Amino acid sequence: VLHQIVLNGVSDLLVSQKNFGNLKTILKIMGDGAISIEDPMSKKTCIQFFRLLLEQWSQRINDETQVERDFLLYLYRFLIPELLLTFLRPSFDGKDAMQDRVLQEFAELLLSTRNQRGIDEFNHTIVQTALRSCGCTQDILEAFLTAADIKQ
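The text that follows walks through the structure, step by step, so that each part is easy to find. Because the structure is predicted, anything quoted here is derived from the model rather than measured.

### A look at the nonpolar core
If you look at the biggest cluster of nonpolar residues, it comprises 39 residues, and the most contacted ones within it are Phe50 and Leu75. Those elements that provide at least two residues to this core are helix H1 (2–7), helix H2 (23–36), helix H3 (40–62), helix H4 (66–88), helix H5 (97–117) and helix H6 (119–133). If you tally residues by element for this core, the top one is H4, at eleven residues. Residue contacts for Leu75: discarding those within four places in its chain leaves Phe50, Leu54, Ile80, Pro81, Leu109 and Thr113.

Laid out in structure tokens, this is it:
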């Protein structure tokens, strides 16, 4: 149901007066699904939820309300770093078609983050913090900054 809300472009329901207090719980549920669930399609759906939410809220986030700050903090400090670690686990098999789809959706999330939030914010919060902490080389870090699409 949560995925359907953002898929259909009605994500304002998540921050309506009735639902506002549940946003952190919603983010946690979908984040746990993206990170902890073993089913690749469920993972992909949960990652897509965050990408679509970021795209729908891009204008609102520029307004810097508490909801948007909480969303970005969750995305930058928890979700993206934890997802990076899932792709570094020995159990991840990039040759598996279903797991490759999860990786592609994550690449879409990263590209959307860079496009929606700008290169400076992306560099600071994702490249210099999350990717560097995973031990990425300078060449890899630069590739994240210059990639034109998810295949690069």
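### Focus: the pattern of salt bridges
Side-chain pairs of opposite charge can arise where the charged atoms are in close proximity. Following the criterion strictly, the structure yields five salt bridges and no others. Linking Arg117 and Glu121 is a salt bridge whose minimum nitrogen-to-oxygen distance equals 2.9 Å. Overall, Arg117 belongs to the buried group, its relative accessible area being 12%. By sharing partners, the salt bridges in this structure join Arg51, Glu55 and Glu105 into a single network.

Cut-offs and rules
Residues numbered from 1 in each chain as written. Predicted model: local features only at pLDDT ≥ 70, side-chain atom pairs only at ≥ 80, totals over all residues. Heavy atoms only, no water. Core = buried A, V, L, I, M, F, W, Y, C linked by side-chain atoms within 4.5 Å. Buried < 20%, exposed > 50% of the residue type's maximum accessible area, 1.4 Å probe, protein only. Helix = DSSP H or I, 4+ residues; strand = E, 2+ residues; numbered from the N terminus. Contact = heavy atoms within 4.5 Å. Salt bridge = Lys/Arg side-chain N within 4 Å of Asp/Glu carboxyl O.

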